[in-house]
Amino acid sequence: MTKYLLTRLRQSLITLFLVSIVVFAGIRALPGDPALALAGEERSPEALAAIREAYGLNDSIVVQYGRFIGHALTGDLGTSSRTGLPVADAIGQALPVTLELAALSLLLAVVLGIGAGVVAAVRRGKPEEWLANGIALIGLSIPTFWLGIVLVLGFAIAIPVFAASGYVPFGTDPVDNLRRMVLPAIVLGSGLAAVVMRQTRAAMLDSLSADYVRTARAKGLSKRSVVGGHALRTSLVTVVTVLGLQLGHLISGAVVTEQIFVLPGFGKLTIDAVFTRDYATLQAVVLCTSAAYILINLLVDVVYSVIDPRIRLGGAR
């Protein structure tokens, strides 16, 4: 197990290093001059030269990248050219909002998606399966922005049960926090729940027709034991794969959802950085998002090894 984890960790670190190069070069390839955006309309050659010197824009790309990596390894992600504040502080304020939204959306997707998928597979050909498939199809078809607007009109304006916008930290007021986060979580998690449901159903149907499941039934095991202890556990390998891939969509989809519900998360931070050519903030946000992707894939590999030890043994060779 240790050898397997070390191998996956080494691969993740190499991937993160390559991603940092791509992110740094990609941000610098964006059209426009950040010095012009910072100087404003009444700019002079002296002001532009001073800005480029202050932010190290006159240095070569290699020097700028070396400085960026050296500071990043110490936790210094630079200073925002838009606000003049440390980028790490801005990310520290925005990250908990996006993480909470992603966690609530994931919880909703796992509970509803796996539960409905198991029911649809066990009750194949029955009304329960048709109902689950119909709801999943609706969840996949409805655009995120449209669903968000409808939920705001229905449950924040017409029936003011939830709040339509803003964010309150959970530690400050848990009830008010959930009032503001439930609707965004439903919007972001509904599509993922539909995907998880369809994949769980397909994997469960394959598992229920496998030889080891028929053997378990022949031994006289209860239906709950056969479905939960044998068929579902094998199916979770497929489900975990889907969740690992879709978590990236949660992070990217949070940009739209946060704009709809005016949440001060990564979405607002990213859009503000793009409009103002804030290189430091933009590359830090993209790098953190990429690191999250890599970490999620690493965790998925670890979960694989727990669910199916054959994966761990094969990957360690």
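Note that the structure is predicted; figures quoted are calculated from it, not measured.

Enquirer: Quick one: what's the story with the overall build of the protein, residue by residue and with numbers?
Expert: Within the protein, the secondary structure is distributed over 13 helices and zero strands. Secondary structure elements of the protein, listed N to C terminal, follow the sequence α-α-α-α-α-α-α-α-α-α-α-α-α. Accessible surface computed for the protein: about 17,000 Å², of which carbon and sulfur atoms make up 68%.

Enquirer: Just give me the short version of unusual backbone geometry, but keep the residues and values in it.
Expert: Positive phi outside glycine occurs at Val262, with the angle close to 55°. Considering the arrangement of structural elements, one finds Val262 in the loop between helix H10 (223–260) and helix H11 (266–275).

Enquirer: Before we move on, can you summarise the nonpolar core with the specific residues and values?
Expert: Counting residues in hydrophobic clusters, the biggest one holds 38 residues, and the most contacted among them are Leu101, Met204 and Leu208. Put simply, the parts of the chain that give this core at least two residues each are helix H5 (87–122), helix H7 (144–158), helix H8 (174–208), helix H9 (211–218), H10 and helix H12 (279–307). Setting aside anything within four residues of it in sequence, one finds Leu101 in contact with Met181, Pro184, Ala185, Leu188, Ala254, Thr257, Glu258 and Leu263. Counting residues in each nonpolar core, the second largest holds nine residues, with Val87, Ile91, Ala94 and Leu269 among its members.

Enquirer: Kindly report on H8, identifying the contributing residues and their values.
Expert: Spanning 35 residues, H8 covers only 42 Å between terminal C-alpha atoms, well under the ideal 51 Å at 1.5 Å per step. At Gly189, H8 shows its maximal kink, close to 40°.

Enquirer: Could you give me a rundown of the side chain of Thr281, with the residues and numbers involved?
Expert: Within the element layout of this structure, Thr281 appears in helix H12. Looking at Thr281, the relative accessible area reads 2%, which means it is buried. Not counting residues up to four positions away in its chain, the partners in contact with Thr281 are Ser80, Val87, Leu269 and Ala273.

Enquirer: Outline the packing of H7 against H8, supporting the account with residue identities and numerical values.
Expert: Look at H7 against H8: their axes get within 10 Å of each other, and the N-to-C directions meet at 150°. Classified by the interaxial angle, the pair formed by H7 and H8 is roughly antiparallel. Of the two possible hands of crossing, H7 and H8 adopt the one that is right-handed. Here H7 contributes Thr144, Leu147, Gly148, Leu151, Phe155 and Ala156 to the contact with H8, which in turn contributes Leu183, Ile186, Val187 and Ser190. Partitioned by chemical class, the residues of the contact of H7 with H8 number seven nonpolar, three polar and no charged.

Enquirer: Outline the pattern of salt bridges, listing residues and values.
Expert: Scanning all chains against the criterion turns up five salt bridges. Across the pair Glu128 and Arg123 runs a salt bridge, and its minimum N-O distance is 3.5 Å. Here Glu128 falls in the partly exposed class, since its relative accessible area comes to 32%. Given a relative accessible area of 32%, Arg123 falls into the partly exposed group. The partner of Lys268 in a salt bridge is Asp272, and the shortest N-O contact between them spans 2.9 Å. A residue pair is termed a helical-turn pair when its members lie 3 or 4 positions apart in one helix, as Lys268 and Asp272 do in helix H11 at four residues. With a relative accessible area of 41%, Lys268 lands in the partly exposed category.

Enquirer: A description of helix H6 (residues 127–141) should follow, citing residues and the corresponding values.
Expert: With 15 residues, H6 should reach 21 Å at 1.5 Å per residue; the first-to-last C-alpha distance of 21 Å fits that figure. Within the span of H6, buried status applies to Glu129, Ala132, Asn133, Ala136 and Gly139. Here the buried residues of H6 occupy an arc of 125° about the axis, which is enough to place them on one side. What points out from H6, more than 90 degrees from its buried face, is the exposed set Pro127, Trp130, Leu131, Ile135, Ile138 and Ser141. Buried residues along H6 sit against H5 and H8.

Enquirer: So what's going on with the environment of Glu100? Which residues, and what values?
Expert: Counting through the fold element by element, Glu100 comes out in helix H5. Sequence separation of Glu100 and Pro169 is 69 residues, and the distance between their C-alpha atoms is 9.8 Å. In this structure the side chain of Glu100 is engaged in a polar contact, spanning 3.2 Å, whose partner is the side chain of Asn177.

Enquirer: I'd love a proper account of the environment of Leu16, names of residues and values included.
Expert: Topologically, Leu16 is positioned in helix H1 (residues 2–28). The class for Leu16 is partly exposed, based on a relative accessible area of 29%. In this structure the C-alpha to C-alpha distance between Leu16 and Leu287, which are 271 residues apart in sequence, comes to 8.5 Å. Setting aside anything within four residues of it in sequence, one finds Leu16 in contact with Leu287, Ala291 and Ile294.

Enquirer: Talk me through the packing of H6 against H8; I want residue IDs and the actual numbers.
Expert: Angle between the axes and distance between the axes are the two parameters that describe a pair of packed helices. Remark: H6 packs on H8, axes separated minimally by 8 Å, with the N-to-C direction vectors making an angle of 140°. The angle between H6 and H8 places the two elements in the oblique class. Relative to H8, H6 is oriented so that their crossing is left-handed. For the pair H6 and H8, the contacting residues are Glu129, Ala132, Asn133, Ala136, Gly139 and Leu140 in the first and Gly191, Ala194, Val195, Met197, Arg198 and Arg201 in the second. In terms of residue class, the contact of H6 with H8 is made up of six nonpolar, three polar and three charged.

Parameters and conventions
- Residues numbered from 1 in each chain as written.
- Predicted model: local features only at pLDDT ≥ 70, side-chain atom pairs only at ≥ 80, totals over all residues.
- Heavy atoms only, no water.
- Helix = DSSP H or I, 4+ residues; strand = E, 2+ residues; numbered from the N terminus.
- Areas by Shrake-Rupley, 256 points an atom, 1.4 Å probe, with all protein chains shown as cover.
- Core = buried A, V, L, I, M, F, W, Y, C linked by side-chain atoms within 4.5 Å.
- Buried < 20%, exposed > 50% of the residue type's maximum accessible area, 1.4 Å probe, protein only.
- Contact = heavy atoms within 4.5 Å.
- Expected span 1.5 Å × (residues − 1).
- Bend = angle between axes of the 7 residues up to and from the residue.
- Axes fitted to C-alpha atoms, helices over the stretch in contact; angles between N-to-C directions.
- Parallel < 35°, antiparallel > 145°, perpendicular 65-115°, else oblique.
- Left-handed = near helix turned anticlockwise from the far one by under 90°.
- Nonpolar A, V, L, I, M, F, W, Y, C, P; charged D, E, K, R; others polar.
- Salt bridge = Lys/Arg side-chain N within 4 Å of Asp/Glu carboxyl O.
- Arc of directions from axis to C-beta.
- Polar contact = N/O pair within 3.5 Å; in protein donor to acceptor, adjacent residues only side chain to side chain.

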